[in-house]
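Descriptive analysis of the structure
The lines below spell out each chain.
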Amino acid sequence: MSNYRQMWLDLGLDLEAHDALLSILGSAYQDIFLSQKNRPEGMKYFDFVMSEVHGLRIKELMDAKAAGRIVVGSYCVFVPEELILAVDGVSVGLCAGAEFNFEGAEEVLPRNLCPLIKSAFGFKRGLVCPYVEASDIIVGENTCDGKKKAYEVLSPMVKDLYIIDLPQMKSDIGKMLLKGEYLKFMAKLEDASARKITAETLKKGIEITNGKRKAVKRLADLRKADPAPISGLDALLVNQVFFYDDPLRFTASVNALCDELEERVKKGEGVFPKGTTRVLMSGCPMAVPNWKVPLIIETSGAVIVGEESCVGERGTQWLTDVKGDTVAELLDNIIDRYFQIDCAVFTPNPSRVDHVKDMFDRYNAQGVIHYSLQFCHPYIVESGPVEAALEKASIPTLRLETDYSQEDAGQLKTRIEAFRERIEGK
Amino acid sequence: MLVAGIDIGSITTEALLFDKAKGVVGYTILQTGADSKKAAELALNTVLATPGKNISDLNYIISTGCGRKRASFAKQSVTEITCIAKGVNYLFPNARTIIDIGGQDTKVIRIDGSGRVLEFEMNDKCAAGTGRFIEVMAKALNVDLDKVGDISLGYKKDLTISSICTVFAESEVISLVSEGEELEDILYGIHKAIADRTMGLITRTGGIENEVIMAGGVAKNSGVVKALEKAIGAPLKIHVEPQIVGALGAAIIALEKSV
């Protein structure tokens, strides 16, 4: 990592704060991931990615920029990667998963705000996120009120903040709005990159993005097995790296991991003993390095077998149809695909519960842990009806509301263990 | 066959001995203090001393409570939610709803006739509406913790404490004092605030099903009990030692394990 200092300096990072961040991250990674037993060999690639997440990957972004490609950073699965790839751009998710420099964030934002937003500001204001600094365009999106208004505060802090408006209802008008916004975004990308989106480049963008999605879907499918061939923590990590890594290399690495896991499943091998209590996570996204609740769950005698989350199936379950010969046809396919995402900002949002139930069955789960970030009103409000619907379907459900701090870890552990005991019928 | 249950809570630690033939042989309640590991050992040694037994005489030990992992002598740890359910079921076989208010947690548990947990709710990280909340208020009002319940029963005016946050409620209480409100009215208002918050958890578990049992240290507070009974519209059943229910449940699970 030592030869990246000049690059970080050129990006305007605060090296001292950045060193501190990397050292905390490194030791957390050691404690949480590397200490797990029976990890698949294929996870070594992701360990490498994480060890170079602010190093080699940033170097690649800088090289891409030098070669005339644009880097587009975003915070949401409604930002279509297909379009970014169609102008040969690089799409990256931006840092928002750690309690870093919250005091700096709270200088410009209210304290009672979701930790994901505060984290994004903490990283930006602390000058420790090379992805933000390397981005030519940062794409914000009108999902929740917190993000929508926070982007207004973020705007003067970054080079080029571009906002995508989003519908809140799954109506014809809502779909027209999405189409209008994606058309505008295409023009923005073409303008910024000085490249034209053609049917050919768009098709290629769709194929690359679908490749990533197919790979993580394959990974998800392997988690149906008992014993689980991979821990929920490792699978979450793969879903987190989905947002950062070079897409082709990522796809190949996930598929290599899946080849290994297939062998494990055939041999009946796993990371936890057969019969370990299986839970499904549902709710707010867990941006890297937010591993708090999964760690508590998997050190409380249960294994996570799926994530109904933006960093998980809500973000990846749908493929984009590649059929079509014109940009207009392909764009319609993209709109059809993204309009299905059942984010809690939509009202009403009935397909989400159906999806949770479907995942519960598909992954042979025994309970659902609903995860809400504190002050994330869309998911917290929705958690009540979701829990009621699941319990009505005889699906044991535990609702948690927490942030990125560690102070409630003891209480969370008690509730999660008690939930496992409830499932096991002790 | 002799087993032990030990409940290491945030404020108190309880140890209980259970004999397969004789039932509860003895129990002890002591302050957890700063060292929960030490408290656990002391509680176990204390409870063993009276019948003149040794740790080697025990067939099985289960620890519970927020310090459950700190009792290295225990064979297994089980959460207090499961243990309370078991303990209550032993004492009150018809129990279906349990309200347990301890030092830093409020729990509402729905159980079936065999003491199995059907659903539970527990407060998030804030200690509002728990035993600690009452302690802070008692201190602010300069009243003995043991007396706050009975004093509040003499209330005449229906005061409402609007904030349930321990910090804000404390300043609200202080302003009520300076406005000249009576002590018993303020105390009852505090207890009512706890009852209201607990009702929220009850609703989330699917409502009240009789019989309703109250456990945990706060069950010793007659003011909270009264306010809760009023809110629920049903009487609460309370064991003479509501604090030992968790340790009792742990001991019963220990007995099941050792058979």
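Residues numbered from 1 in each chain as written. Chains lettered and ligands numbered in written order. Predicted model: local features only at pLDDT ≥ 70, side-chain atom pairs only at ≥ 80, totals over all residues. Heavy atoms only, no water.

Comments concerning the packing of aromatic side chains
Residues and elements named next belong to chain A.
- All chains considered together, the criterion is met by 17 aromatic pairs over all chains.
- Centroid distance Phe-46 to Phe-250: 6.2 Å. Interplanar angle 85 degrees. Geometry classified as edge-to-face. One end of the pair, Phe-46, is in helix 3 (residues 43-51); the other, Phe-250, is in helix 13 (residues 247-267), and 204 residues separate them in sequence.
- Residue classification places Phe-46 among the buried positions, given a relative accessible area of 0%.
- Classification of Phe-250 by relative accessible area gives buried; the value is 0%.
- Judged by centre distance (5.1 Å) and plane angle (70 degrees), the ring pair of Tyr-131 and Tyr-244 falls under edge-to-face. Taken together, the positions of Tyr-131 in helix 8 (residues 130-134) and Tyr-244 in the loop between helix 12 (232-241) and helix 13 put the pair 113 residues apart, joining distant regions of the chain. Each member of the pair Tyr-131 and Tyr-244 is classed as buried.
- Taken together, the ring pairs connect Tyr-45, Phe-46, Phe-242, Phe-243 and Phe-250 into an aromatic cluster.
- The ring of Phe-346 carries Lys-170 above its face, with NZ or CZ at 4.4 Å from the centroid.
- For the cation-ring pair, Lys-212 lies above Phe-242, with the distance from its terminal atom to the ring centre recorded as 4.1 Å. (Phe/Tyr/Trp six-rings, centres within 6.5 Å; stacked < 30°, edge-to-face > 60°. Helix = DSSP H or I, 4+ residues; strand = E, 2+ residues; numbered from the N terminus. Buried < 20%, exposed > 50% of the residue type's maximum accessible area, 1.4 Å probe, protein only. Lys NZ or Arg CZ within 6 Å of the ring centre and 35° of its normal.)

Points about unusual backbone geometry
All names here are of chain A.
- Residue Pro-227 follows Asp-226 across a cis peptide bond; omega there is 5 degrees.
- The residue Pro-227 is located in the loop between helix 11 (199-222) and helix 12 in this model.
- Between Val-288 and Pro-289 the backbone carries a cis peptide bond, its omega angle lying at 0 degrees.
- Within the secondary structure, Pro-289 is located in the loop between strand 5 (277-283) and helix 14 (292-298).
- Unlike most non-glycine residues, Leu-127 shows phi in positive territory, near 55 degrees.

Description of the environment of B:Val240
- By secondary structure assignment, the location of B:Val240 is in the loop between strand 10 (236-238) and helix 8 (245-258).
- Separated by 58 residues in the primary sequence, B:Val240 and B:Glu182 have C-alpha atoms spaced 30 Å apart.

Structural notes on the side chain of A:Ser135
All names here are of chain A.
- Tracing the backbone through its elements, the reader meets Ser-135 in the loop between helix 8 and strand 3 (137-141).
- One polar contact links the side chain of Ser-135 to the main-chain carbonyl oxygen of Tyr-131, over a distance of 2.7 Å.
- Residue contacts for Ser-135: discarding those within four places in its chain leaves Val-71, Val-72, Gly-73, Val-92, Leu-94 and Lys-159. (Polar contact = N/O pair within 3.5 Å; in protein donor to acceptor, adjacent residues only side chain to side chain. Contact = heavy atoms within 4.5 Å.)

A few points about the domain arrangement of chain B
All names here are of chain B.
- For chain B, the domain assignment lists domain 1 (2-83 + 244-258) and domain 2 (94-238).
- The C-alpha-based centres of domain 1 and domain 2 are spaced at 26 Å.
- Each partner contributes residues to the interface: domain 1 has seven residues there, and domain 2 has eleven residues.
- Here domain 1 packs against domain 2, burying approximately 740 Å² in sum over the two surfaces, 71% of which is carbon and sulfur.
- Considering only the side of domain 1, the residues that lose the most area to domain 2 are Ser-10, Ile-11 and Ile-81, jointly responsible for 68% of the buried surface there.
- Inspection of the region where domain 1 meets domain 2 yields zero residue pairs in polar contact (both at pLDDT 80 or more).
- It is helix 2 (residues 80-91) that provides the largest number of residues to the side of domain 1 that touches domain 2, a total of three residues.
- The residue makeup of the side of domain 1 that touches domain 2, split by class, is four nonpolar, two polar and one charged. (Domains from an automatic or database assignment. Buried area = accessible area lost by both parts, 1.4 Å probe. Nonpolar A, V, L, I, M, F, W, Y, C, P; charged D, E, K, R; others polar.)

Some words on the interface of chain A and chain B
- Each side of the interface is counted separately: chain A has 21 residues, and chain B has 23 residues.
- Note on chain A versus chain B: buried area summed over both sides is about 2,000 Å², and carbon and sulfur give 45% of it.
- For the interface between chain A and chain B, the tally reads two salt bridges.
- Our count for the chain A to chain B interface comes out at seven residue pairs in polar contact (both at pLDDT 80 or more).
- Those elements that provide at least two residues to the side of chain A that touches chain B are helix 18 (377-392), strand 8 (397-402) and helix 19 (409-424) of chain A.
- Each residue belonging to the side of chain A that touches chain B can be placed in one class, and the counts come to three nonpolar, five polar and 13 charged. (Salt bridge = Lys/Arg side-chain N within 4 Å of Asp/Glu carboxyl O.)

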